[in-house]
Amino acid sequence: MTDTLRGAGLWFAYHRDWVLRDVSIQVSPGEIVGLWGPSGCGKSTLARLLTGRLRPARGTVSMPAGRGRARSAQLVLQQADQSVNPRWKIGRILAEAAPDPAPVLDSGLVFPDWLGSFPHELSGGELQRVNLARALLCRPLFVVADEITASLDAITQVQIWRIILDGAARGDYGVLAVSHDMPLLDAVASRILAMEDLTARRGVLPGPDVRHDEA
Ligand SMILES: Nc1ncnc2c1ncn2[C@@H]1O[C@H](COP(=O)(O)OP(=O)(O)OP(=O)(O)O)[C@@H](O)[C@H]1O
């Protein structure tokens, strides 16, 4: 049984273009790893593969067993408004992850008066906190945070990252922070990986068996 989050020899193509060619990555328990690369290099694709949202054409993803029924690696995306049901109140959105929202209320990530609100009644930063809270309520062993504060002001960025890092410092989970923002990764991560260094094969032509699988 593994305790790390690992992608080994991952290949992935949308339609007929390889986005990932023999990519390998590993995050150890409690570790905060930054994943950096320019726009379009495949960071989000790798994040989706590592959290089981997409299936690789080749290669394997392994993650530890979860603490509950949810996957042990939880993906949090930049577009919080696209990640929640707009017709559900925040209380119901959180209840889907866990019946008791106390942990995210106690940490100050979510405020009690948001629970009766609909997503459109919250600001972008508030909704991102809810989005993150939902992932944390699943008690993940790894949080894969894909550009989660990219569109937020500096103060909200700091608030959100402080809460994530507090949890990691307590040993609750490891973090893969995905971003093209090197100063942000420098501030939060103990190890930074560049996408281009994760690829064992460069310049390899696409093979004939390219597939695009939604998990
Ligand atoms: N659903 C899709 N269908 C077809 N092509 C896609 C799809 N999603 C991503 N791509 C393409 O795959 C490549 C990698 O995209 P991906 O979103 O993984 O990169 P990224 O490094 O996360 O970029 P960004 O930093 O801009 O979010 C890009 O060329 C993109 O256009």
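Numbers given for residues are sequential positions, taken from 1 along each chain in its written order. Thresholds applied to this predicted model are a pLDDT of at least 70 for local features of residues and 80 or more for the giving and counting of side-chain atom pairs; totals over whole chains, interfaces and linings are not thresholded and use all residues. Only hydrogens and water are set aside when side-chain values are computed; all heavy atoms of the structure are taken into account.

(A) Geometry of the site of the ligand. Looking at the ligand, the residues that line it are Y14, H15, V19, P38, S39, G40, C41, G42, K43, S44 and T45. Here a polar contact means two N or O atoms within 3.5 Å. Within protein one must be a hydrogen donor candidate and the other an acceptor candidate, and residues neighboring in sequence count only if both atoms are side-chain atoms. The side chain of S44 places a nitrogen or oxygen atom 2.8 Å from an oxygen atom of the ligand. One of the side-chain N or O atoms of T45 is found 2.6 Å from an oxygen atom in the ligand. Throughout, the Shrake-Rupley method with a 1.4 Å probe supplies accessible areas, and for residues the shown protein chains are the sole cover considered. In the complex, 57% of the free accessible area of the ligand, which totals 630 Å², lies under the protein chains. In terms of residue count, the dominant contributor to the shell around the ligand is helix 1 (residues 43-50) (three residues). Tallied by class, the residues present in the shell around the ligand amount to four nonpolar, six polar and one charged. Put simply, a residue is near a molecule or strand once any heavy atom of it comes within 4 Å of that molecule or strand. Under the scheme used here, helices are H or I runs from DSSP no shorter than 4 residues and strands are E runs no shorter than 2 residues, and both carry numbers assigned from the N terminus. Classification used: nonpolar for Ala, Val, Leu, Ile, Met, Phe, Trp, Tyr, Cys and Pro, charged for Asp, Glu, Lys and Arg, polar for all others including Gly.

(B) Structural view of helix 5 (residues 154-169). The end-to-end C-alpha distance of helix 5 is 22 Å, a good match for the 22 Å that 16 residues give at a rise of 1.5 Å each. Residue exposure (1.4 Å probe, protein chains only): buried if accessible area is under 20% of the type maximum, exposed if over 50%, otherwise partly exposed. Residues of helix 5 that are buried include every one of T156, Q157, I160, W161, I163, I164, G167 and A168, and no others. Angular distribution of buried residues about the axis of helix 5 spans 150°; they occupy a single face of the element. Exposed residues pointing more than 90 degrees away from the buried face of helix 5 are listed as A154, I155, R162 and A169. Contact definition: two residues touch when any of their heavy atoms are within 4.5 Å. Turning to helix 5, the residues buried within the fold contact strand 3 (32-36), helix 4 (124-137), strand 7 (142-146), strand 8 (174-179) and helix 6 (182-188). Structurally, the start of helix 5 carries an N-cap: the backbone nitrogen of I155 is 3.0 Å from a side-chain oxygen of D153. Just downstream of helix 5, G171 is the residue with a positive phi angle, here 85°. Expected span of a helix, by definition, is 1.5 Å for each gap between consecutive residues, and there is one gap fewer than residues. The directions considered for the arc are those from the helix axis to the C-beta atoms.

(C) Seen up close, the sheet that holds strand 1 (residues 5-14). Two strands are counted as paired when DSSP detects at least two bridges linking them. Pairing is antiparallel in the open sheet, where three strands are placed in the order 2-1-5. Unpaired on one side and paired on the other, strand 2 (17-27) and strand 5 (58-62) mark the two borders of the sheet. Direction aside, neighbouring strands of the sheet carry axes that sit 25° apart on average. The sheet contacts of helix 1 involve strand 1, strand 2 and strand 5, and relative to strand 1 the element is tilted by about 125°. Working convention: axes come from line fits to C-alpha atoms, limited for helices to the stretch in contact. Angles between N-to-C directions cover 0 to 180 degrees.

(D) Geometry of the pattern of salt bridges. What counts as a salt bridge is simple: a side-chain nitrogen of Lys or Arg found within 4 Å of a carboxyl oxygen of Asp or Glu. Throughout the structure, instances matching the rule amount to two salt bridges. For the salt bridge of E31 with R191, the shortest nitrogen-to-oxygen distance reads 2.6 Å. Linking E31 in the loop between strand 2 and strand 3 with R191 in strand 9 (residues 191-194), this pair joins segments that are 160 residues apart in sequence. Two residues, D172 and R170, come together in a salt bridge whose shortest N-O distance is 3.0 Å.

(E) Looking closely at unusual backbone geometry. Although it is not a glycine, H15 sits at a positive phi angle of roughly 55°. When you line up the elements, H15 lands in the loop between strand 1 and strand 2. Although it is not a glycine, D22 sits at a positive phi angle of roughly 55°. Secondary-structure assignment places D22 in strand 2.

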